[in-house]
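Breakdown of the fold
Take a look at the letters that make up each chain.
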Amino acid sequence: MGDSVMFGCYEQDNNVENGPEEIEWLVLDENDGKLFLLSKMCLQDSAYHDNYDPVVWEHCSLRKWLNTDFLENTFSDSEKEKIVETIVVNEDNVAWGEVIDGGNDTRDRIFLLSI
């Protein structure tokens, strides 16, 4: 698509005194008036989970943070109304010659791209 949109605000320049900056999102797809967006910049350096136990997306701490704290603190009420819940299909991972269970599919408003 090549387009981008500004949506939400998050601290990105490491200067908290000037407040959070608008987030630029790349438009990956448009379908029935709905946009599939990917942030242009890495917004947060976070671990997938808060400990080293094996965990699937459904139960990881990053998923919880994205759909609670990040969602609440990044978007206005009117912006939150525009973010639709998506069924995220969590396929098994076969990248290293063994099948690793992807877990149950989830319903998320904010999620990561998978491999």
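Overview of the structure. What you see is a predicted model; the values in this text were computed from it and never measured. Every chain is numbered independently, its residues counted from 1 as its sequence is written. In view of the model being predicted, local features appear only for residues whose pLDDT reaches at least 70, and side-chain atom pairs are presented and counted only at 80 or more, with totals across whole chains, interfaces and linings using the full set of residues. Water and hydrogen atoms were dropped before computing side-chain values, which therefore reflect all heavy atoms in the structure.

A few words on the overall build of the protein chain. Counting secondary structure elements, the protein chain contains 2 helices and 5 strands. Helix and strand definitions follow DSSP, with helices as H or I runs of at least four residues and strands as E runs of at least two, each counted in order from the N terminus. Order of helices (α) and strands (β) in the protein chain, N terminus to C terminus: β-β-β-α-α-β-β. Along the three orthogonal principal directions, the C-alpha set of the protein chain runs to about 45 × 35 × 25 Å. The classification of residues rests on relative accessible area computed with a 1.4 Å probe and restricted to protein chains. Under 20% of the type maximum is buried, over 50% is exposed, and intermediate values are partly exposed. Within the protein chain, the fraction of its 115 residues that count as buried is 28%. Contacts are residue-level and defined by heavy atoms, with any inter-residue pair within 4.5 Å sufficient. Residue pairs in contact within the protein chain that sit at least 24 positions apart in sequence constitute 39% of those at least 6 positions apart. All accessible-area figures derive from a Shrake-Rupley calculation using a 1.4 Å probe, and residue coverage is judged against the displayed protein chains alone. Accessible area for the protein chain stands at about 8,500 Å²; split by element, carbon and sulfur atoms hold 49% of it. Computed over 8 positive and 26 negative side-chain charges, the separation of the two mean positions in the protein chain equals 7 Å. For the purpose of counting charges, residues Lys and Arg are taken to be positive, whereas Asp and Glu are taken to be negative. His and the chain ends are not included. Every charge is mapped to an atom, namely NZ of Lys, CZ of Arg, CG of Asp or CD of Glu.

Each aromatic ring pair is described using two quantities: the centre-to-centre distance and the angle formed by the ring planes. Note on aromatic contacts: the rings of Phe and Tyr and the six-membered ring of Trp form a pair at centre separations within 6.5 Å, being stacked when their planes are under 30 degrees apart, edge-to-face when over 60 apart, and tilted otherwise. As enumerated under the stated definition, the model contains 7 aromatic pairs in all. Here the aromatic rings of tyrosine 48 and tryptophan 57 are separated by 6.2 Å at their centres, their planes lie at 35°, and the arrangement is tilted. One aromatic cluster in this structure is built from Phe7, Tyr10, Trp25, Trp65, Phe70 and Phe75.

Paired strands, in this sense, are two strands between which DSSP finds at least two bridges. Spatially, 3 strands are ordered S1-S2-S3 in an open sheet, and the strand pairing comes out antiparallel. If you trace the sheet from one side to the other, it starts and ends with strand S1 (4-10) and strand S3 (34-39), each paired once. Put simply, the sheet's adjacent strands are angled 45° from each other on average, direction ignored. Alignment of strand S2 (residues 21-31) against S3, held across 6 bridges, turns out to be antiparallel. When the bridges of S3 are listed, tryptophan 25 appears paired with serine 39. Here an axis means a line fitted to C-alpha atoms, over the contact stretch when the element is a helix, while the angle between two N-to-C directions is reported on a 0 to 180 degree scale.

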